[in-house]
Each structure stands twice: as C-alpha cells, then as structure tokens.
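# Structure assessment
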Amino acid sequence: MQERLKELQAEALDKIAQAADLKELNDIRVAFLGKKGPITEVLKGMGKLSAEERPKMGALANEVRDAISSQIEARQTELEAAAVELKLAAEKIDVTLPGRPVKAGNHHPLTRIIEEIEDLFIGMGYTVAEGPEVEQDYYNFEALNLPKGHPARDMQDSFYITEEILLRTHTSPVQARTMEKRQGKGPVKIICPGKVYRRDNDDATHSHQFTQIEGLVIDENIRLSDLKGTLDVFAKKMFGADREIRLRPSFFPFTEPSVEMDISCKMCGGHGCSTCKGTGWIEILGAGMVHPNVLEMAGYDSKRYTGFAFGMGPERIAMLKYGIDDIRHFYTNDIRFLKQFSVTE
Amino acid sequence: MLVSYKWLQEYVDVTGVSAEELAEKITKSGIEVEGVDTLNEGLSGVVVGHVLECEKHPNAEKLNKTLVDLGQEEPVQIICGAPNVAKGQKVAVATVGAVLPGNFKIKKAKLRGEESNGMICSLQELGIEAKLVAKEFSEGIFVFPEDTEVGQDALATLGRADQVLELGLTPNRADCLSMLGVAYEVGAILNKEVKWPEPKSETAAEKAEDYIKVTVEAKEDNPLYVAKVIKNIKVGPSPLWMQTRLMASGIRPHNNVVDITNYILLEYGQPLHAFDYDRLGSKEILVRRAKQGEEIVTLDEAKRKLTEDHLVITNGNEPVALAGVMGGANSEVSSDTTTVLLESAYFTGPAIRKASKDHGLRSEASARYEKGVDPKRARAAAERAVELLARYAGGEVLEGSVEADHLTAEPAVVSVTLDKINSVIGSELSMPEVQDIFSRLKFGASVDNDTITVTVPTRRGDITIEEDLIEEVARLYGYDNVPKTLPVGASTPGHLSEYQQKRRIVRRFLEGAGLYQAITYSLTSKEKASQYALEKREPVALAMPMSEDRSLLRLSIIPQLLEVLKYNLARQNDSLAVYETGAVFLKNNAGDLPEEREHLAGAITGLWENHQWQGQKTQVDFYVIKGILEGLFAKLGLEGKVQFSASQREGMHPGRTAELTLDGKVIGFVGQVHPTVEKAMDLKETYVFEISLKSLLEAPSETLQYQSIPRYPSITRDIALVVDREKAAGELEGIIAEAGGKLLKEVHVFDLYEGERMEQGKKSIAFSLKYFDPERTLTDEDITKAHDKVLNAVKEKAGAVLRG
Ligand SMILES: [Zn+2]
C-alpha cells in the first residue's frame, strides 16, 4: 500500500509537470485527488491494516495528497502567468503612433509681451491703468504740453472724429487722466497698456493701429537716476541679464529732460552688426522726467513733485525678441503665426 | 539735416575726431546721428581729363570717339555715348582699373571696332542721386569749369572725398538746421570755439533806400524784414565748391543767385529770397496778410487761392511771394536778371505753418520758419549773402539795407539752483562743473550762492524753463555718468484690478479650450461697422479716413474675426478657433466721447476633434461653442446664471442662434453664421459668439464656500418624456428643477430621440435627476413624493407624457 501511494505520487507529479494548460491541470486534480481518485481507492483498503499501521498509512496518504495539491498549485500559478503573458503579448500597441491631441490655443504675441511687462512692473509696485481709445484732444495733446499748433503734433498725425475728439495717438492720455483723478497727490505708479492709432500707411514697419505700454511714477524726490535704474531692471528682465542699457538725450513735449533708451545688441554683443546698423545698440523706448507743465496741468505742485515716464511699443519689442520681420503679421492673425507663441520661455 | 564733415571744419575744430567718432559723440549728447555716409566709398580711379579731340564714331551714330588728356604722357582714346561731350571740355574720366558704384570695374574695351580706354562719367555714374544733379548735366556727362587742373582726383574735386552725417533732428532742435548751429553743438561737445564767417563787401555809391521802401503791416507775423539791393548781377553757374556742398547737403545746384541763397540757408539757417528787382513792378515791399480770395502763381507755376490766414510779400499792390514758403513766378530770378532784391526776414512759425499746410508746400525755408529760426540772424545772413553775390555773381552791393524792425525778442534769462539740478538728475555735480557746461554751450551764466542764472542765446529758443537747463546739464554731463537707482518712498502695492484679473482668466480659459487669441483692427468699412452689433447704435466715423476700408469704428468684433477665418481658410488653415477681447464703439451725442465697451468675441469653424489615425473626427457645432461658454461662465462663478434662449439676429442662422441673458439683461449671443453670409465669404459652417465682457466680469459671482462632502448616498432617477418637438429642453429642465424642491440637487439631459419611432411632431427627451439630503439617507417614500411632483409638473406645464 505504501508503495502504491509512492507510485501514485510520482505518477501525479510527473503529469502535473507536463500539464500544458489549466484545463489539463484541473483534469489531473480531479483524477488524483477526486472522490473517485486512486488515492481514495487506496485508502479504502486501510481497513485491512493493523491498528498500529493505520495512522501511519493515514499520515502518508495525507502527505502524498499535500504534495500533489501543492505541486498542482505551483503549476497553476505558472500556467496562469504564462496565460497572462500570452494575452498581453496579443495586446501590444505601437507606442510610437501619435497621441490624441489636447486642444490648446495661446496668447497673441502682443498680449504675451504686454502681460510680461505688466507682471514685471506689478512686482515693482505698479498698478495697471486703462483708458478710452477715443479721446479728447485735451487729454491726448493739450494736457501733455502739446497745445494746438505745436509743431510736435506733426510727429503724431492723427485720426480725428471731430475737431475735439480723436483716436488716441499714444496711451499717455491715460496718464493725464490718472494724474487728474489723483488730484495732486502722490505717489502714482502706473503702467498703461493699450491700442493706439496714427495716420500711417500699413507696411512692414508701420501700422495705423498698434499697441503701446507706458509707465508713470510721480512722487516727491523722483530722479532721473531712478528712471535709469528702473529701465535697467526692465531691460535685464525682458531681454536678458547680460544686456546693457544706455540713455541718449531726445525730445518729447511731455518730458524734460527726455531720453531714448537703447539696449546693447544681442546679435553682435555691442560690436556692431547689420541688426544694430553698426552701432552696437538697439533703440527700445522713449522716456524722461515729467514736464512741469504736465504736472501743473494735472494739479500737481511741480516744486514739490517730480516724476518720470516711459513708453514703448510691444510690437517693436516682440519683433526684436522673436525676430519677427513684418509688423502686419500682428494684425493678420495667420494661425501659423499665432501658433508659434505657445511655448513657455 | 545732412552735415558735411569737411565743410563743418570751417566753423569748428574737430581735429583728432573722425566723422564716425563725432557721430557717436553727437548721438550720445543730444542729436541722433542716423548714419554716416562716405561719399566716395568704394570708388576709385576717376580723374579730371581734358577732351582734346571729339569726332563721330565711324561705325556708330550715337557714339563719339574722343582723345582725352589725363595728365599722363600720352592722351588716351575713349568712346563716349553722352550727347553733350565736346572738344575742349574738362570731364571726369573713370580710367582703366577704376571702380564705380555697384563695384563696376572699368576695363579696356573695344566698342564697334574702336578701342576705349576708360569712361567719361556723368555725376549719376559717380553715385550722386539724379535729383541732385543740375539740370544742364542731368542728361549727360558732367563738365568741370575750364580752369580745373587735368589729372587730379575728380572725386575730390567734386567734394566726394567727404563724409556726411545725417542728423535726425527732433522738433526742439531747429537750431541745428544750419552748419553754424551744428558747430555750436559740436563746440559744446568738444569744448571748442565757433568760428563765424566774416563777410566783407565793397558797397557801391548808390543807396539801397533809394531803390526800395519796406513796410510791414503784419508785425506779429514778421517782426524783422531786411532788404538789400544788388545791381549788375550776372546769372550763371555758382562755383564748383558751392555746388558740391549743396549736393552733399541734399540740394540741387541751380544758378549762382539761387545757390547762394540756399548756401546761406544751410550755413546760417536763415531762409533768403531773391526777387528780380526789375520785375517787382514797384519800388516797394509791403508785408501783409492776404486778402480773402487773393491769388498768387508760385514758382512751381501753381495758381494758389489765398485767405486771411496767409502772409504775403507784395509790391504794395499784388503778392510777389507767399512769405517764407515760396516766391511768386512774377518776380522770379531768371538768366536775364541784373538787379536782385534780397529778402532776409524773420517770420514767426504759426503764420508760415498755416500757409505751408493749406497749400501742401513744404520747402527748406518753410520747414525752418515753422520750427523757429534765430530771430537775430537775419542781418548777418544778409551781409554774408551779398558778399557771396558780389564775389560769385559779379554783383554791386548798394549801400545799406532797408529794414522794417519790430523785433522784441530778447535772450531768455533762466535761473536754477545746483540742488535742483542734482536732485532731478540724481547726480553730485559741483557748481564749477555746471558752469563749465554752460560755458561750453556759449551761454552766458552768473552764479549767486547756490543759484546759477543763464542767459540763453536767441538761437536756442527751445530753452525757457529751469528743466530745460537741467536737460542741457544732464546731456553734456553724459547720461552714462548718471547712476542707476530705484525710487525710494512710500511703498505701493502692485496689483491687477479685479476686472483685469478676470479678463486674464477669460483669456486663459478660452485658450485652454483651444481658441487662439487674435487682435484685429478697430477701424473698418461702413458696411462692416454695423454688422453683428450687439446693440444697434450708430457707428463712429472718422472725419478724414485714409481709406474706405478703415473709415469707421467697429460696433462688433465678429466681422473682423470672420475676416481672420477667411484669410486663413484661403491658406489651407481649415480648422480654426479664434477669440478676441477688445473695444467696440457706440456713437454718443455730438461733442461727447463715444461709449467704449469691451467685448469678447469668438469664431470657430472646421473640425473640432480630429484624431486622424484613429479615424475620429467631429465637426464644430452649436453645442461645442455653447459648451465652451458654459465652462467659461462656470469658471467666472456664473454657473446656471446665464440663460440661452432661441433668438433671431441679422447675419445669423435663424434656427441656430441663442441670445444670452444675465439677470434679465441681454449680454451677448452665440450661434451659427447665416449660410448666405458663409457662402459670400467662402466660409464653411462657422459658429460665433459676442459677449459684453464688462457685463460678464462685473456680474456678482458666488463667493467661494466649501460644501461638505456628502456623507449620505444620493439617489438617481431617470425619466424619458415625450413632448412636442418645439419644446425647449431648457424649459423642461426649469420646470423639473422648480418642482423637485430642495431635495433635487441636479438635473441634466442624457438622451434625445427624434427618430422614426416617434409620433409625428414629437420627441423624447430623457433627464437624469439626482436626489440628495445632506442630513440623512433618503427613503423611497421621500423620493417618490418629490419625483411625483416633478412628473405632475411636466405633465401640466409642458404636456409631457412619461415614455413607457
Ligand atoms: Zn549688432
């Protein structure tokens, strides 16, 4: 009997090892361990054994059973894993095919530039002021020290609606309005972005509509050196920490002294190239100390308050920064143009 | 202003400073030098030749065979095609090996069988602009004066061995519209003296006052009029050096009289006018405002109608010049002129500006008067002019000048303290340093303690207040020397306004949803200005538009966005989604500013989803654009607050357009563009929206308040209702929401069936209803009670039948 059990075990283990799939393995389980299986058969003959041998044989039979069933379990795990492998192999995909596109648009490049400048100056304590695009002659010119008949009005040929109303030629009237609202009190620290209009024929470098962003600071003891320092922070943030600035004297009716700011040319590192017309410098913006007439007209005591103002064109900055060659691109809105301004820098 | 580097040296010493260095210095201290032009750049090998022989080319009708002495041992044969070449002329010859503009190299050649050893040149061939070449040489070669030495460098003789600085002058620096003015500027920069010409001329026995009487009626417009008379003038060419200086300065040589007046204009900045004395028709000059309707024929042969705004020079009776702008044809100097009346006058800017603007005439003279000339330079300029007329036009200068002098202009006297200078600039200058700057500028200055008082010469009319003095100090001290500081003082919190923040959120949301931001023009055509206006109002029109296409301000952004789609579709960009935020303009009462409203508009066409290799494509439809807007409203805290209701609008699809209302006010619309519009613009199915951004952003939104996560389960019941096809889902949803009471937390449509299994004119619409009580678990009974109310309500109010 003992031998028979050993034989059965050996036979079962052999079959288990050869089982090709789970079904075959289950058949083996039924065949060997089932109620009608050979082990049960063998155990039925236990009655013939002595009382002494009976427990021994019982223990042996259980041992054989356990050995078979644990082997079946092990084999089952093996076969299951193989089945899964097989299934997964069939599920293989081509990971190099393109993914499902996520829809996303982006800012217009001018908005991108304007928001960048806004954020920079907000960080320096400025608020963002806005005003009407159709303005009174008074705010657009007169309050800015440009009385009627002033020759500098020719610098900004304008679209008039009536004799007293026109499309603003710069965002400076927002400054005039803000100062007037503050009724002679400081400090004022604003940045004014917006659309402006001039009588120009549209070509690669001119547009009858364009954008401007201007800044104004008024307080006691504001100095030209504060303007220079502020513009330096701006230029380094906007164009790179390695860029230098220089101020050149210029003329604007609303500032005195007036300056223009150049930044060192990135293309040639300041040695002179075609981008900077050989000068090593690129003109970026106009600025100056607020003219006392402008302060007085807005109700500020020009003996007590001084201020600085600066103004720049986001189009020009975008053209320099991104290498755009034609100002009309900004207003044509070719999707192949707009799409290029999605990446984070 | 074009400034010849060589000519400038007559007035100021620039030793050791190259033209390029000078340009850099001028730019840094005040006037932008826009370029330095080397006149003979890349040119070589051009000499003065003497035409010894000139005969017709044996084989070519239009060519001449010449023998030219180049100052070498043997004369050379040159074939020349110019019509004006002749024996005896002194000419510019590009010799073999010479290089002309455009890297054109001269080689030995054979022309129709005849050898040619070089080329006789026109001025254009030497790189001079055609418009600067004197008329007599404009169609052929240039001919030097007879006494020109043979063999010398022709380019140098023509004044081309020079450099020209191109000054970009701002309107305040009219003082630099003359060589002397530039000399003062350069003198200040280099700390050098300015050398004035010292005119000397012999005068005839006759007196000018016996020839002419001068009266000025318009004293404000013309504070000073100086007249001189020169007899026995011989009109002819001016000296070559003068012609070349004029050309280098951008002025075409004419004849000696005209050239001398132009030369003085450049040298002194003082416009002059020469009348033919014998053609004046009287012995009198009367300066007055024109009479309404009076006429003058100007030098350009144009008949001009005058008004009382215009200042004229008359012979006592009729106008002989439009003062400061252009002379009259009736008194023009011609080749037979023998007696010249020379006018050197100070006219004020406004009188000249008006005439120059009204008649569209902008001359070198008017430009200077408009910007302001030195009131005190008229006499000196007249003296210098008559000296040159005597020397180069053979004139006899009559004794004295005849003047009408009402001049009151005095130098401005301006004071400023050292402290003010330093506190505006942020510098630490000492008084001697400041004094030195004014001395370099040739401004008189006196110091009293901390205050410096400056007497500003009349040539610098731009300086009137202390800030102007500070600017002079700052620019000559050098902006490079100004330190970099940041404002000190009360700190101010920097931030965006709530509106500005929300506008950024709107942009980011729409971009996240797949729309690109566009920026289009505010000015549009009459036709487009009123299309798609949210509110019908009259558009705002420009008084003088540049073109029909840009003559009015828009009332809506949609027409501009449709143009954007059209532009892109024509370039194979066919799935498009764009939006714009910007102003629209509504006309107000005359005299008032128009009302500006910021709008948000969008336009979408083509495929919305396109996953190509998986074959999944969906076309844009109404619900795509509505979904985007609903998402936007939810983002702004307005979920469920903006109603969509069917609406009809011009230019929009009558069955696929909704009006948006918020708190009972129409704030916008959304829908499909009318197919006839789509067709006319070559668009495919296109959906658009336009919303008043202000209404949207200023609507009170819900304050953000945390809602506890439900602890009790919610229960969902679905119902399918059969209703008339016309019945709007939104209406049913409203009825359900109202009837469901506070236990009903959510209602949404999850199915719509309008297919053939439905009775004619009916549709089935299925809603999912979610019931929930935060305090307890709902019982079947609770829900049945609420749900029955819902079913009754839809039956009664909408005739809905529960679908089996
Ligand atoms: Zn460069």
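Residues numbered from 1 in each chain as written. Chains lettered and ligands numbered in written order. Predicted model: local features only at pLDDT ≥ 70, side-chain atom pairs only at ≥ 80, totals over all residues. Heavy atoms only, no water.

## Quick word on the overall build of chain B
In plain terms, the rule: Secondary structure is summarised from DSSP: a helix means a run of H or I of at least four residues, a strand means a run of E of at least two, and numbering begins at the N terminus for each. All radius of gyration figures rest on C-alpha atoms, and the globule criterion is 2.2 Å times the number of residues raised to 0.38. The rule is simple: take the accessible area with a 1.4 Å probe, protein chains only, and divide by the maximum for that residue type; under 20% is buried, over 50% is exposed, in between is partly exposed.
Counting its secondary structure elements, chain B contains 20 helices and 43 strands. Radius of gyration (C-alpha) of chain B: 41 Å, far over the 28 Å computed for a compact globule of 804 residues. Overall, chain B is about 130 × 85 × 55 Å in size when its C-alpha atoms are taken along their principal axes. Counting only residues that meet the buried cut, chain B has 52% of its 804 residues in that class.

## A word on the nonpolar core
The criterion, for reference: Remark: nonpolar core denotes a set of buried residues (Ala, Val, Leu, Ile, Met, Phe, Trp, Tyr, Cys) joined through side-chain atoms within 4.5 Å. Contacts between residues were defined by any pair of non-hydrogen atoms, one from each residue, lying within 4.5 Å.
One finds Ile 117, Phe 234, Met 261 and Phe 310 of chain A together with Leu 22 and Leu 165 of chain B to be the most contacted residues of the largest nonpolar core, which totals 155 residues. Not counting residues up to four positions away in its chain, the partners in contact with Phe 310 of chain A are Phe 121, Tyr 126, Gln 175, Ile 191, Ile 213, Glu 214, Gly 215, Leu 227, Leu 231, Leu 285, Gly 286 and Ala 287 of chain A. Membership of the second largest hydrophobic core comes to 42 residues, among which are Leu 224, Val 226, Leu 280 and Val 325 of chain B.

## Description of the packing of aromatic side chains
Inclusion rule: Side-chain rings of Phe, Tyr and Trp, where Trp is taken by its six-membered ring, are said to pair if the distance between their centres is within 6.5 Å; with planes under 30 degrees apart they count as stacked, over 60 as edge-to-face, and otherwise as tilted. Placement of a positive charge over a ring is assigned whenever Lys NZ or Arg CZ falls within 6 Å of the ring centre and within 35 degrees of the normal to the ring plane.
Counted by the stated rule, this structure contains 24 aromatic pairs over all chains. Judged by centre distance (5.7 Å) and plane angle (70°), the ring pair of Trp 196 of chain B and Tyr 268 of chain B falls under edge-to-face. In this pair, Trp 196 of chain B is assigned in the loop between helix 4 (179–190) and strand 13 (203–207) and Tyr 268 of chain B in helix 6 (residues 256–268), connecting sequence segments 72 residues apart. A relative accessible area of 32% means that Trp 196 of chain B is categorised as partly exposed. Counting every residue linked through ring pairs, the aromatic cluster contains Phe 121, Tyr 126, Phe 234, Phe 239, Phe 308 and Phe 310 of chain A. Just above the ring of Trp 608 of chain B sits the side chain of Lys 103 of chain A; from NZ or CZ to the centre is 4.2 Å. Positioned over the ring face of Tyr 567 of chain B is Arg 571 of chain B, at 3.6 Å from the centre of the ring.

## Digging into the UniProt feature "domain: FDX-ACB" (unreviewed entry) in chain B
Note the threshold: UniProt positions are given in the numbering used here, feature names are shortened, and annotations may be inferred rather than shown by experiment.
Feature annotation in UniProt places "domain: FDX-ACB" (unreviewed entry) on residues 710–803 of chain B, given in this structure's numbering. When the span residues 710–803 of chain B is considered, its composition is 32% helix and 34% strand, and the gap between its end C-alpha atoms is 32 Å.

## Some thoughts on unusual backbone geometry
Residue and element names in this part refer to chain A. The amide bond that connects Gly 186 to the next residue, Pro 187, takes the cis arrangement and shows omega of -10°. By the secondary structure assignment, Pro 187 is in the loop between helix 7 (172–182) and strand 4 (188–197). Residue Pro 257 follows Glu 256 across a cis peptide bond; omega there is -5°. With respect to the element layout, Pro 257 can be found in strand 7 (residues 255–264).

## Overview of the layout of surface pockets
Taking a probe equal in size to a water molecule and rolling it over the atoms shows the remaining empty space. Residue and element names in this part refer to chain B. Test applied: Definitions used for this entry: grid spacing 1 Å over protein atoms alone; cavity, a set of points where a 1.4 Å probe fits but cannot get out; pocket, an open set with protein on both sides within 12 Å along at least 5 of 7 lines; lining residue, one with an atom within 4 Å of a point. Grid points are joined across faces, edges and corners, and a volume is the space filled by probe spheres set on the points. In the scheme used here, Gly and all other residues not listed as nonpolar or charged are polar, with Ala, Val, Leu, Ile, Met, Phe, Trp, Tyr, Cys and Pro taken as nonpolar and Asp, Glu, Lys and Arg as charged. An automatic or database domain assignment provides the domain bounds reported here.
Of the pockets and cavities examined, the second largest pocket occupies roughly 1900 Å³. Tallying contributions element by element places helix 16 (residues 622–635) first for the lining of the second largest pocket, with 7 residues. Tallied by class, residues from the lining of the second largest pocket come to 17 nonpolar, 11 polar and 13 charged. Each of two domains, domain 5 (498–697) and domain 6 (715–802), supplies a minimum of three residues to the lining of the second largest pocket.

## With respect to empty space enclosed by the protein
This model, assessed by the stated rule, comprises 4 cavities of 30 Å³ or more. One number sums up the size of the largest cavity: a volume of about 90 Å³. Lining of the largest cavity is provided by Glu 256, Met 289, Val 290, Pro 292, Leu 295, Ser 302, Tyr 305, Thr 306 and Gly 307 of chain A together with Lys 420, Val 424 and Glu 467 of chain B. Mapped by element, the contributors of at least two residues to the lining of the largest cavity are strand 8 (281–290), helix 9 (292–297) and strand 9 (305–312) of chain A together with helix 10 (418–425) of chain B. Sorting elements by how many residues they give to the lining of the largest cavity places strand 9 of chain A first, with 3 residues.

## Remarks on the coordination of the zinc ion
Residues and elements named next belong to chain A. Counted only if it meets this: Metal sites are built from N, O and S donor atoms within 2.8 Å, or 3.2 Å for Na, K and Ca, and they leave out water, so they may look incomplete.
Every protein donor of the zinc ion is accounted for by Cys 265 (SG), Cys 268 (SG), Cys 273 (SG) and Cys 276 (SG), and the metal-donor separations fall at 2.2 to 2.3 Å. Site description for the zinc ion: donor spacing in sequence, C-x2-C-x4-C-x2-C. Both residues of the pair, Cys 265 and Cys 268, count as buried.

## Re the UniProt feature "binding site: Mg(2+)" (unreviewed entry) in chain A
Taking the numbering used here, the UniProt-annotated feature "binding site: Mg(2+)" (unreviewed entry) corresponds to Glu 256 of chain A. For Glu 256 of chain A, the location among the structural elements is in strand 7. In this structure Glu 256 of chain A touches Met 289 and His 291 of chain A together with Glu 467, Asp 468 and Glu 471 of chain B, once residues within four positions along its chain are discounted.

## Let's talk about the domain arrangement of chain B
Per the domain assignment, the segments of chain B are domain 1 (2–39 + 163–190), domain 2 (44–157), domain 3 (203–405), domain 4 (413–480), domain 5 (498–697) and domain 6 (715–802). The centre of domain 3 of chain B, based on its C-alpha atoms, is set 37 Å off from the matching centre of domain 4 of chain B.

## Description of the interface of chain A and chain B
Inclusion rule: Summed over both partners, the accessible area lost on bringing two parts together, with a 1.4 Å probe, is the buried area. Salt bridges, as used here, are contacts in which a Lys or Arg side-chain nitrogen is within 4 Å of a carboxyl oxygen on Asp or Glu. We define a polar contact as two N or O atoms separated by no more than 3.5 Å, with the added condition that, inside protein, one atom must be a possible hydrogen donor and the other a possible acceptor, whereas residues neighbouring each other in sequence contribute only through side-chain atom pairs.
Contacts between the two partners involve 91 residues from chain A and, on the opposite side, 91 residues from chain B. Taken as a group, Lys 103, Lys 228 and Pro 249 of chain A account for 9% of the area that chain A buries against chain B, more than any other trio of residues on that side. Here chain A is connected to chain B by 9 salt bridges. Linking chain A with chain B are 38 residue pairs in polar contact (both at pLDDT 80 or more). Here the side of chain A that touches chain B takes 9 residues from helix 8 (residues 224–239) of chain A, the largest share from any one element.

## Comments concerning the UniProt feature "binding site: Mg(2+)" (unreviewed entry) in chain B
Residues and elements named next belong to chain B. The feature "binding site: Mg(2+)" (unreviewed entry), as given by UniProt, occupies Asp 462, Asp 468, Glu 471 and Glu 472 in the numbering adopted here. Mapped onto the secondary structure, Asp 462 falls in the loop between strand 28 (451–456) and helix 12 (466–477). The exposure class assigned to Asp 462 is partly exposed, which follows from its relative accessible area of 22%. Setting aside its immediate chain neighbours within four residues, Asp 462 contacts Asn 172, Arg 173 and Asp 468.

## So, the sheet that holds strand 27 (residues 444–448) of chain B
Residues and elements named next belong to chain B. We count it as follows: Two strands are said to pair when DSSP picks up at least two bridges between them. Lines fitted to C-alpha atoms define the axes, with helix axes restricted to the stretch in contact, and inter-axis angles between N-to-C directions lie between 0 and 180 degrees.
The 3 strands lie next to each other as 26-28-27, forming an open sheet whose pairing is antiparallel. Looking at strand neighbours, the two that pair on one side only are strand 26 (412–417) and strand 27, the edges of this open sheet. Across the sheet, the axes of successive neighbouring strands diverge by a mean angle of 20°, strand direction being ignored. In terms of strand pairing, strand 27 meets strand 28 through 5 bridges, oriented antiparallel. Pairing of Gly 444 across the sheet is with Thr 455, part of strand 28. In the packing of helix 11 (residues 431–440) onto the sheet, contacts are made with strand 27 and strand 28, and the angle to strand 28 comes to roughly 0°.

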